[in-house]
Amino acid sequence: MVNFQRSRSDMVDRYKRGGYIQTKRMEEAVLTVPREEFMDPRFRDHAYIDRPFPIPGDGRQTISAPYMYPVSYEPLGFEPGMKVLEIGAGSGYGAALAKELVGDEGIVVAVEINKETHAFAKRNLKRAGYDVTLILGDGSMGYPKLAPYDVVSVTASTPDIPPPLLDQLKMGGRLIAPVGGRSLEGQDLLLIHKTEEGLTRRSLMKVVYVPLLGKYGFPE
Ligand code: SAH
């Protein structure tokens, strides 16, 4: 039997040493979210291993490697009370972590395009007790109903940043997305800051994410 709590705190120590976790708020959030509740039951024991694992869907979905969350969330500057949009809910883990970071006054909206994956995320978030607005639909269109957002996090690779996501980002807001070629060709993890002077973009690292589908994603 794996001691999940122990594995989780070992992972947090590892990520602090590796520089992935930089703030106390992130440390506490990662220590709080039970990642095992977001794994496919077949891989539950591997919840704290540093790699992605398959989750229910059409064979293309994974729960991202756990370090990808602090890596992409630290530069987004989450604060309590913020409104966050996640595209590609997958397991629901990223949405749960975002909810920890924005707290009770914050709002997290997560969009998932695959029906089976959406149902999986819904079950996981409910079981783990996270109040997240989970939408079944094409997240490349964003979710205009609750816009604008302080933070947008895209967890599927896209040929370019979908324009609706930039429109739905608040002035001063930040967006992160893996931008580049399809799947194994790899992408640049781009951090976008929306300012009065325009958009600034910074490439944080090379990554490999599963493709974004839908209107502004890759053709099926
Ligand atoms: N953050 C997730 C990662 C999931 S992988 C996790 O760690 O669990 C990327 C997810 O994006 C997949 O579940 C895939 O079905 C979904 N996806 C792909 N294109 C999408 C789109 N246009 N809108 C919403 N979700 C999409």
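Now for a quick tour of the structure.

**Let's talk about the pattern of salt bridges**
- For the coordinates displayed, the defined rule picks out 13 salt bridges.
- Among the salt bridges present, the one from E79 reaches R25, with a minimum N-O distance of 3.6 Å. Taken as a pair, E79 in the loop between α3 (68-73) and β3 (83-87) and R25 in helix α2 (residues 24-32) lie far apart in primary sequence, 54 residues in all.
- Classification of R25 by relative accessible area gives partly exposed; the value is 35%.
- Salt-bridge contacts for D150 lead to K170; the nearest nitrogen and oxygen are separated by 3.1 Å. Of this pair, D150 sits in strand β6 (residues 149-154) while K170 is found in strand β7 (residues 169-180), placing the two residues 20 residues apart along the sequence.
- Residue classification places K170 among the partly exposed positions, given a relative accessible area of 30%.

**Thoughts on the site of the ligand**
- Around the ligand there are 24 residues in total, and Y69, S91, E112, G139 and L213 lie nearest to it.
- With respect to the ligand, the side chain of E86 contributes an N or O atom lying 3.4 Å from a nitrogen atom.
- Between the ligand and D138, the relevant distance is 2.9 Å, taken from a nitrogen atom to a side-chain nitrogen or oxygen of the residue.
- Notes on the ligand: free accessible area 580 Å², of which the protein chains cover 99%.
- Mapped by element, the contributors of at least two residues to the shell around the ligand are β2 (62-63) and β4 (107-112).
- By residue class, the composition of the shell around the ligand is ten nonpolar, eleven polar and three charged.

**Thoughts on the pairing of strand β8 (residues 187-195)**
- Of all nine residues that make up β8, seven are buried, and the element is covered over most of its length.
- Two elements, β7 and β8, share seven bridges in a ladder whose sense is antiparallel. Counted as the bridge partner of G180 is Q187 from β8.
- Examined bridge by bridge, β8 and strand β9 (residues 198-207) share eight bridges and lie antiparallel to one another. By the bridge assignment for β9, I192 is matched with R201.

**As for the sheet that holds β7**
- Read across the open sheet, the seven strands follow the order β5-β4-β3-β6-β7-β8-β9; overall the sheet is mixed. The strands lining the two open edges of the sheet, one partner per strand, are β5 (133-136) and β9. Averaged over all adjacent pairs, the angle separating strand axes in this sheet is 15°, with direction ignored.
- In the sheet, β3 pairs with β6 via four bridges, with the strands oriented parallel. Bridging from a neighbouring strand, V84 pairs with V151 of β6.

**Quick word on the pairing of β4**
- Extensive coverage of β4 is indicated by the burial of five of its six residues.
- As defined by bridge partners, β3 adjoins β4 across five bridges and the pair is classed as parallel. Paired with K83 across the strands is I107, a residue of β4.
- Inspection of the sheet shows β4 paired to β5 by four bridges, in the parallel sense. Counted as the bridge partner of V109 is T133 from β5.
- Note on the crossover from β4 through helix α5 (residues 115-128) to β5: the handedness is right-handed.

**Details of the side chain of S153**
- Note that S153 resides in strand β6.
- Apart from the residues within four sequence positions on either side, S153 is in contact with Y73, L76, L85, E86, I87 and I176.

**Brief notes about the packing of α2 against helix α4 (residues 93-102)**
- Close contact between α2 and α4 brings their axes to 9 Å; oriented N to C, the two are set at 130°. On the basis of their axis angle, the class for α2 and α4 is oblique. Crossing angle aside, the handedness with which α2 passes α4 is right-handed. For the pair α2 and α4, the contacting residues are R25, M26, A29, V30 and T32 in the first and Y93, L97, E100 and L101 in the second.
- For the contact of α2 with α4, the class distribution of residues is six nonpolar, one polar and two charged.

Calculation notes
Each residue is numbered by its place in its chain's sequence as written, counting from 1. Only residues with pLDDT of 70 or above have their local features reported here, since the model is predicted, and side-chain atom pairs are shown and tallied only from 80 upward, although totals for entire chains, interfaces and linings are computed over all residues. Side-chain metrics rest on all non-hydrogen atoms present in the structure, leaving aside hydrogens and water. Every case where a carboxyl oxygen of Asp or Glu lies within 4 Å of a side-chain nitrogen of Lys or Arg is listed as a salt bridge. For the purposes of this entry, the term helix denotes a DSSP run of H or I that reaches at least four residues, the term strand denotes a run of E that reaches at least two, and both are numbered from the N terminus. Type-normalised accessible area, obtained with a 1.4 Å probe on protein chains alone, sets the label of each residue: buried when under 20%, exposed when over 50%, and partly exposed for intermediate values. It suffices for a single heavy atom of a residue to lie within 4 Å of a molecule or strand for the residue to be listed as near it. Any pair of nitrogen or oxygen atoms within 3.5 Å is treated as a polar contact; in protein, a donor-acceptor pairing is required on top of that, and neighbouring residues in sequence qualify only through side-chain atoms on both sides. Using the Shrake-Rupley algorithm and a 1.4 Å probe, accessible areas are obtained, with residue cover drawn only from the displayed protein chains. Under the scheme applied, nonpolar residues are Ala, Val, Leu, Ile, Met, Phe, Trp, Tyr, Cys and Pro; charged residues are Asp, Glu, Lys and Arg; polar residues are all the others, including Gly. Should DSSP find at least two bridges between two strands, the strands are regarded as paired. Between N-to-C directions, angles span 0 to 180 degrees; the directions come from axes that are lines fitted to C-alpha atoms, helices contributing only their stretch in contact. Handedness rule for crossovers: strands pointing away from the viewer, path from the first strand over the helix to the second running clockwise, crossover right-handed. Note on contacts: a residue pair is in contact if any heavy atoms of the two residues lie within 4.5 Å. Convention used here: angles under 35 degrees read as roughly parallel, angles over 145 as roughly antiparallel, angles from 65 to 115 as roughly perpendicular, and any remaining angle as oblique. With the far helix as reference, a near helix turned anticlockwise by less than a right angle produces a left-handed crossing, and one turned clockwise produces a right-handed crossing.

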